[in-house]
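Coordinate inspection notes
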Amino acid sequence: MLAPLTTTSGPIAVGAPANVSAAFTDAGTNDTHTASVNWGDLATTNATITETNGSGTLAAGHSYSHAGLYTVTVTLADGYGGTSARSATLLVDSPPFVT
C-alpha cells in the first residue's frame, strides 16, 4: 500500500526542483518494488526506492520548464504484478508568484 504523497510545497518556481516522496508497505516481505512518476508534463521518471522486508520509501525529483497546474501520479509495483498509485497536484509559477 502506497501512503499519501509528500510534495514540494508551492507555488514552485519554473526551473526549480519539485520533489515527491512516499512510504509504502507490502505484506509480501520478500517483494521488491519499482516506482514510476508521471509528472503531468509528458515526462515520466523512475523513483529511487529504499526498502527492507516489504516496506520502504520512494523519492523522485523533476524541474518544470513552464508554469501550470500539474497532476503528478506515482505508481508503485511489486515483483508479482501488484500495483498502487497516488496523485497530487503541483502549482508551478513564474515569479512573482500568484497565490
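Now for a description of the structure that goes with this document.

About the cut-offs
- Residues numbered from 1 in each chain as written.
- Predicted model: local features only at pLDDT ≥ 70, side-chain atom pairs only at ≥ 80, totals over all residues.
- Heavy atoms only, no water.
- Core = buried A, V, L, I, M, F, W, Y, C linked by side-chain atoms within 4.5 Å.
- Buried < 20%, exposed > 50% of the residue type's maximum accessible area, 1.4 Å probe, protein only.
- Helix = DSSP H or I, 4+ residues; strand = E, 2+ residues; numbered from the N terminus.
- Contact = heavy atoms within 4.5 Å.
- Pairing = 2+ DSSP bridges.
- Phe/Tyr/Trp six-rings, centres within 6.5 Å; stacked < 30°, edge-to-face > 60°.

**Remarks on the nonpolar core**
- If you look at the biggest cluster of nonpolar residues, it comprises 21 residues, and the most contacted ones within it are Leu2, Val20, Val37, Trp39, Leu58, Tyr64 and Val74.
- Taken together, the elements giving at least two residues each to this core come down to strand E3 (17–24), strand E4 (33–38), strand E7 (55–63), strand E8 (68–78) and strand E9 (83–93).
- For Val20, the contacting residues outside a window of four places in its chain are Leu5, Thr6, Thr7, Val37, Trp39, Leu58, Ala59, Ala60 and Val74.

**Brief notes about the sheet that holds E4**
- Here we have five strands laid out as an open sheet, ordered E2-E9-E8-E4-E5, and mixed in their pairing. At either margin of the open sheet sits one strand with a lone partner, and together these are strand E2 (12–13) and strand E5 (44–46).
- Bridge count between E4 and E5: three bridges; the pairing is antiparallel. Residue pairing for E5: Ser36 is matched across the bridge by Asn46.

**A few points about the sheet that holds E7**
- Strand order in this open sheet of four strands is E1-E3-E7-E6, and the pairing throughout is antiparallel. Single-partner strands in this sheet number two, and they are strand E1 (6–7) and strand E6 (48–52).
- Where E3 meets E7, eight bridges bridge the pair, whose relative direction is antiparallel. Bridging across to E7, Ala23 finds its partner in Thr57.

**Observations regarding the environment of Gly81**
- Secondary-structure assignment places Gly81 in the loop between E8 and E9.
- Residue class for Gly81 comes out exposed when judged on its relative accessible area of 63%.
- Separated by 32 residues in sequence, Gly81 and Ile49 have C-alpha atoms that sit 17 Å apart.

**Overview of the packing of aromatic side chains**
- Under the counting rule described, the total for this entry stands at two aromatic pairs.
- An angle of 80 degrees between the planes, with centres 6.5 Å apart, marks the rings of Trp39 and Tyr64 as edge-to-face. Taken together, the residues span a long stretch of sequence, with Trp39 in the loop between E4 and E5 and Tyr64 in the loop between E7 and E8 at a distance of 25 residues.
- Overall, Trp39 belongs to the buried group, its relative accessible area being 0%.
- On the basis of an interplanar angle of 25 degrees and a centroid distance of 4.2 Å, the ring pair of Tyr64 and Tyr70 is categorised as stacked.
- A residue is classified by how much of its surface remains accessible, and Tyr70, at 11% relative accessible area, is buried.
- Site record: aromatic cluster; members linked through ring pairs are Trp39, Tyr64 and Tyr70.

Honestly, it's all geometry; don't read function into it.
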